[in-house]
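Observations on chain architecture
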Amino acid sequence: MTHTAVDVIRAKRDGHRLSDAQVDWVVDAYTRGAVADEQMSALAMAIFLNGMDAAETARWTRAMVRSGTSLSLDVGRPTVDKHSTGGVGDKITLPLAPLVAACGAAVPQLSGRGLGHTGGTLDKLESIPGWRAQLSVDEVTAQLRDVGAVVCAATEGLAPADRKLYALRDVTGTVESIPLIASSIMSKKIAEGAEALVLDVKVGSGAFMKTEARARELARALVSIGVDHGLRISALLTDMSVPLGRAVGNAVEVAESVEVLRGGGPADVVELTVALAAEMLSQAGIAADPAAVLASGEAFETWARMIRAQGGDPDAALPVGAHKHVVEAAEDGVLTALDAYAVGVAAWRLGAGRARKEDPVQAGAGVLCQAKPGDKVAKGQPLLELYTDTLDALAGALAVLEGAYAIGDTAPPLRPLVIDTIRG
Ligand code: URA
């Protein structure tokens, strides 16, 4: 049967489900340029308004995977990956990938750069002198065999339909559609070729999904696509209402990750790293105790090998922003709130993040949260340390932090970090 873009748009506009053939045709034709941007914009808006069911979404994902190449990772160990929907201070990939590799799995982490208030893993690692994000497929495979973990930029050929469609959604108000988000994330992860995947779906002010109900819906959609594609998959719902750990930025997050790998670091970063590692190992069918491996120093050794394999010097001093400004507690009490979104925007304004994808980032910019909700504070004590190379960025960062934290008499109720686990 011959399809036309207008027929497909009308079908979705009128609330019908798209047939497999319609989905395959429209995704392929759009990738080839035979369906115009304005037609795909109309279809994306119709999907935004009328949705897609689970089978349609799985088919849409399959078509996006097939728009490009898929890696086939024959590396002599079970392969397992992690994907986070993004948060503030979310440096978990850095300690997690070497930890899971030290436990016996191969972890291919094809990552992105940050945009907006959430940081990007590649931007963080690029603050390590000499470290290189761009690897060939052969280099990825060799490093997975030798070291067990690789964090690098996604290769051009993976899910090109998604790259084109995501850029279009960004400028047409159609990003926030669960079937489109889920198919976008999963097309890249499936093309990457790991046998198992654990998702960290974040909930709260600093996350993409602000409410638990929306985050749950996204987690179920992601898991359902993974199951349809034969992946072993699960999703952890985790809190992102306060920044994760103390460091938010690039080099500061690398430094905090190294503390964790050396057996220290903030309790929440350690807790989430170990929880995600345990889930990844279970999905990969490996019986190992990640907390014990972390404590043994083996994960740190794997980290150093992983950084060296990509040209980085794990012992080099990390860059620090040229200017430092300290926000002090105005009174004695307990820190009762610290808003993740505001801290993320402050770090971004200081130069740690970018507004457009071609903008550079500052390796040394960021925020150190010297107190977290529940901590006792004394008048004059440092609450937040701000670092930047551009002094005029400071006023904007301080403005967004106004009202972002509060000091009271009683500690706020403890929120669980891992809210739930959804298994396929
Ligand atoms: N991240 C993605 O990769 N795709 C989306 O659509 C949203 C977030």
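Here the structure is a predicted model, which is why all the values come from computation and not from measurement.

**Some points on the nonpolar core**
- Counting 75 residues, the largest nonpolar core has Val100, Trp303, Val367, Leu384 and Leu386 as its most contacted members.
- Residues from two domains meet in this core; each of domain 2 (80-315) and domain 3 (323-408) gives at least three.
- Sequence-distant contacts of Trp303, defined by excluding residues within four places in its chain, comprise Leu94, Pro98, Leu125, Ile128, Val254, Val258 and Leu261.

**Examining the packing of aromatic side chains**
- Taken as a whole, this structure holds zero aromatic pairs when the rule is applied.
- Over the face of the ring belonging to Tyr30 we find Lys164, whose NZ or CZ atom lies 4.4 Å from the ring centre.

**Topic: the environment of Ala288**
- Following the sequence through the fold, Ala288 ends up in the loop between α12 (267-284) and α13 (290-296).
- Accessibility expressed as a relative area gives 33% for Ala288, which makes it partly exposed.
- Sequence separation of Ala288 and Leu272 is 16 residues, and the distance between their C-alpha atoms is 17 Å.
- Apart from the residues lying within four places of it in its own chain, the contact partners of Ala288 are Cys103 and Leu281.

**Some points on the sheet that holds strand β12 (residues 405-408)**
- Read across the sheet, three strands follow the order β10-β8-β12 without closing on themselves; strand pairing throughout is antiparallel. With one partner strand each, in any of the chains shown, β10 (376-377) and β12 form the two edges of the open sheet.

**A short note on the domain arrangement of the protein chain**
- In terms of domain boundaries, the protein chain breaks down into domain 1 (5-51), domain 2 (80-315) and domain 3 (323-408).
- Here the C-alpha centre of domain 3 lies 43 Å away from the C-alpha centre of domain 1.

**Looking at the site of the ligand**
- What surrounds the ligand is the set Tyr166, Arg169, Ile181, Ser184, Ile185, Lys188 and Phe208.
- In the model, a nitrogen atom of the ligand is placed 2.6 Å from a nitrogen or oxygen of the Ser184 side chain.
- The fraction of the free accessible surface of the ligand (240 Å²) that becomes covered by protein chains is 86%.
- Of all the secondary-structure elements, those providing two or more residues to the shell around the ligand are α8 (160-170) and α9 (178-191).
- Looking at the shell around the ligand element by element, the count peaks at four residues for α9.
- The class makeup of the residues in the shell around the ligand is four nonpolar, one polar and two charged.

**Quick word on the packing of helix α4 (residues 54-66) against α9**
- With their axes 8 Å apart at the nearest point, α4 and α9 run at an angle of 45° to one another. On the basis of their axis angle, the class for α4 and α9 is oblique. Where α4 crosses over α9, the handedness of that crossing is right-handed. Within the contact between the two elements, α4 uses Thr57, Trp60, Thr61, Met64 and Val65 and α9 uses Pro179, Leu180, Ser183, Ser184, Met186, Ser187, Ile190 and Ala191.
- The residue inventory of the contact of α4 with α9, partitioned by class, reads eight nonpolar, five polar and no charged.

**Some remarks on unusual backbone geometry**
- A positive phi angle is found at Ala159, which is not glycine, with a value near 45°.
- In this fold, Ala159 is placed in the loop between β3 (149-153) and α8.

**Here we look at helix α16 (residues 394-401)**
- Leu394, Ala397, Val400 and Leu401 are the residues of α16 that are buried. Buried positions in α16, seen along its axis, are confined to an arc of 135° and lie on one side of it.
- In the core, the buried residues of α16 are packed alongside β7 (323-328), α15 (340-352), β11 (382-388) and β12.
- The positive-phi residue at the C-terminal boundary of α16 is Gly403, with phi of around 80°.

**Section: the pattern of salt bridges**
- Taken as a whole, this structure holds 28 salt bridges when the rule is applied.
- With its nearest N and O atoms 3.9 Å apart, the salt bridge here joins Asp315 to Arg308.
- In this structure, the salt-bridge partner of Glu358 is Arg356, at a minimum N-O distance of 3.8 Å.
- In this structure, a network of salt bridges that share partners links the residues Arg113, Asp123, Glu126 and Arg354.

**Focus: the environment of Val140**
- If you trace the backbone, Val140 turns up in helix α7 (residues 137-146).
- For the pair formed by Val140 and Val274, sequence separation is 134 residues and the distance between their alpha carbons is 25 Å.
- When near neighbours in sequence (up to four residues on either side) are disregarded, Val140 contacts Leu135, Val150 and Cys152.

**Digging into the sheet that holds strand β13 (residues 418-423)**
- With respect to topology, four strands assemble into an open sheet ordered β1-β4-β5-β13, the strand pairing being mixed. A strand with exactly one partner marks an edge of an open sheet, and here the two such strands are β1 (80-84) and β13. Neighbour to neighbour, the strand axes of the sheet diverge by 15° on average, direction disregarded.
- With five bridges joining them, strand β5 (residues 232-239) and β13 adopt antiparallel strand pairing. By the bridge assignment for β13, Leu237 is matched with Asp420.
- Across the face of the sheet, helix α10 (residues 212-228) comes into contact with β4 (196-203), β5 and β13 while running at roughly 165° to β5.

Criteria and cut-off values
Residues numbered from 1 in each chain as written. Predicted model: local features only at pLDDT ≥ 70, side-chain atom pairs only at ≥ 80, totals over all residues. Heavy atoms only, no water. Core = buried A, V, L, I, M, F, W, Y, C linked by side-chain atoms within 4.5 Å. Buried < 20%, exposed > 50% of the residue type's maximum accessible area, 1.4 Å probe, protein only. Domains from an automatic or database assignment. Contact = heavy atoms within 4.5 Å. Phe/Tyr/Trp six-rings, centres within 6.5 Å; stacked < 30°, edge-to-face > 60°. Lys NZ or Arg CZ within 6 Å of the ring centre and 35° of its normal. Helix = DSSP H or I, 4+ residues; strand = E, 2+ residues; numbered from the N terminus. Pairing = 2+ DSSP bridges. Near = heavy atom within 4 Å. Polar contact = N/O pair within 3.5 Å; in protein donor to acceptor, adjacent residues only side chain to side chain. Areas by Shrake-Rupley, 256 points an atom, 1.4 Å probe, with all protein chains shown as cover. Nonpolar A, V, L, I, M, F, W, Y, C, P; charged D, E, K, R; others polar. Axes fitted to C-alpha atoms, helices over the stretch in contact; angles between N-to-C directions. Parallel < 35°, antiparallel > 145°, perpendicular 65-115°, else oblique. Left-handed = near helix turned anticlockwise from the far one by under 90°. Arc of directions from axis to C-beta. Salt bridge = Lys/Arg side-chain N within 4 Å of Asp/Glu carboxyl O.

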